[in-house]
Amino acid sequence: MAIRTIRTEGDPVLTKKCRPVEEMTPRILELTQDMLDTMYEEMGVGLAAPQVGILKRIVVIDVGDGPLVLINPEIVETSGEQTGDEGCLSVPGMSGQVTRPNYVKVKALDMNMEEQEYEGEGLLARAFCHELDHLDGKLYTELVEGELHRTTYDYDEE
């Protein structure tokens, strides 16, 4: 499909609350595919529609177990706690310590507009929380404990 431009911190679209998706249309189908393509191209683990300038409640996530497309997602249960480095495609090159639940259960519609429940621990739980925050106009930078720091990659380990 197509790689879309990722909106970055300072873009007003990232601070707006998204609208629910009422029906699956060819445009929504194309958007979800473009979001997956964009997420993979940028080597992210998640992407929310406002990050590509669309104020719809759509999130795509892949933490290595295959893609999830969540339409109108909502968190229905959380437990535990984890603190770790978090980054965002909309805040390129930066990361910071954020505390999130260690377990998250999400209710969402799938591509057939049928309700599903998804559960995640660790990175998937973090991704659920991070991406759903985008749908309400919140960036992870609001939750960072301490200072943001440059993301560093140790390529010697590969």
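Refer to the structure printed above.
Since this is a predicted model, take the numbers as computed values, not measurements. (Residues numbered from 1 in each chain as written. Predicted model: local features only at pLDDT ≥ 70, side-chain atom pairs only at ≥ 80, totals over all residues. Heavy atoms only, no water.)

Before going further, it helps to examine helix α1 (residues 26–41). Residues that lie three or four places apart on an α-helix share one face, since the helix turns once every 3.6 residues. For α1, which comprises 16 residues, the first-to-last C-alpha distance of 22 Å matches the rise-based estimate of 22 Å (1.5 Å per residue) to within 8%. Taken as a whole, α1 has its buried residues at I28, L31, T32, D34, M35, L36, T38 and M39. Next to the buried residues of α1 lie β1 (46–48), β2 (58–61) and β3 (68–79). Just downstream of α1 lies M43, where phi reads positive at about 60°. (Helix = DSSP H or I, 4+ residues; strand = E, 2+ residues; numbered from the N terminus. Expected span 1.5 Å × (residues − 1). Buried < 20%, exposed > 50% of the residue type's maximum accessible area, 1.4 Å probe, protein only. Contact = heavy atoms within 4.5 Å.)

Another aspect to go through is the sheet that holds strand β4 (residues 82–88). The antiparallel open sheet is built from three strands, whose spatial order is β4-β5-β8. The sheet is open, and its two borders are formed by β4 and β8 (145–150), each paired with just one other strand. The average angle at which neighbouring strand axes cross in this sheet is 25°, direction not considered. With seven bridges joining them, β4 and strand β5 (residues 91–100) adopt antiparallel strand pairing. Directly across from Q82, in β5, lies its bridge partner R100. Lying on the sheet, helix α2 (residues 123–135) is in contact with β4 and β5; it crosses β4 at an angle near 50°. (Pairing = 2+ DSSP bridges. Axes fitted to C-alpha atoms, helices over the stretch in contact; angles between N-to-C directions.)

The next thing to look at is the pairing of β5. Linkage of β4 to β5, two consecutive antiparallel strands, is achieved through a turn of two residues. In this structure, β5 lies alongside β8, joined through three bridges in antiparallel fashion. Across the sheet, the residue bridging to Q97 is E145, located in β8.

A separate point is the side chain of Q51. One can find Q51 in the loop between β1 and β2. Assessed through its relative accessible area of 1%, Q51 is described here as buried. Within polar-contact distance, the side chain of Q51 engages the side chain of S90 at 3.0 Å. Among residues more than four places away in sequence, those in contact with Q51 are T5, I6, R7, L14, G46, C88, L89, S90, E131 and H134. (Polar contact = N/O pair within 3.5 Å; in protein donor to acceptor, adjacent residues only side chain to side chain.)

Before going further, it helps to spend a moment on the nonpolar core. V59, I61, L70, V104, V106, F128 and L135 are the most contacted members of the largest nonpolar core, which has 19 residues in total. Elements supplying a minimum of two residues to this core: β2, β6 (103–109) and α2. With seven residues, α2 is the single largest residue contributor to this core. With sequence-adjacent residues up to four places away left out, L70 is seen in contact with R57, I58, V59, I61, V106, A108, L109, Y118 and F128. Residues I6, M39, I58 and L109 belong to the second largest nonpolar core, which totals 15 residues. (Core = buried A, V, L, I, M, F, W, Y, C linked by side-chain atoms within 4.5 Å.)

To continue, consider the environment of A108. Among the structural elements, A108 can be located in strand β6. Residue classification places A108 among the buried positions, given a relative accessible area of 2%. Through-space distance from the C-alpha of A108 to that of G84 is 26 Å; in sequence the pair is 24 residues apart. Dropping the residues within four chain positions of it, A108 is found in contact with L70, I71, N72, P73, E114, E115, Q116 and Y118.

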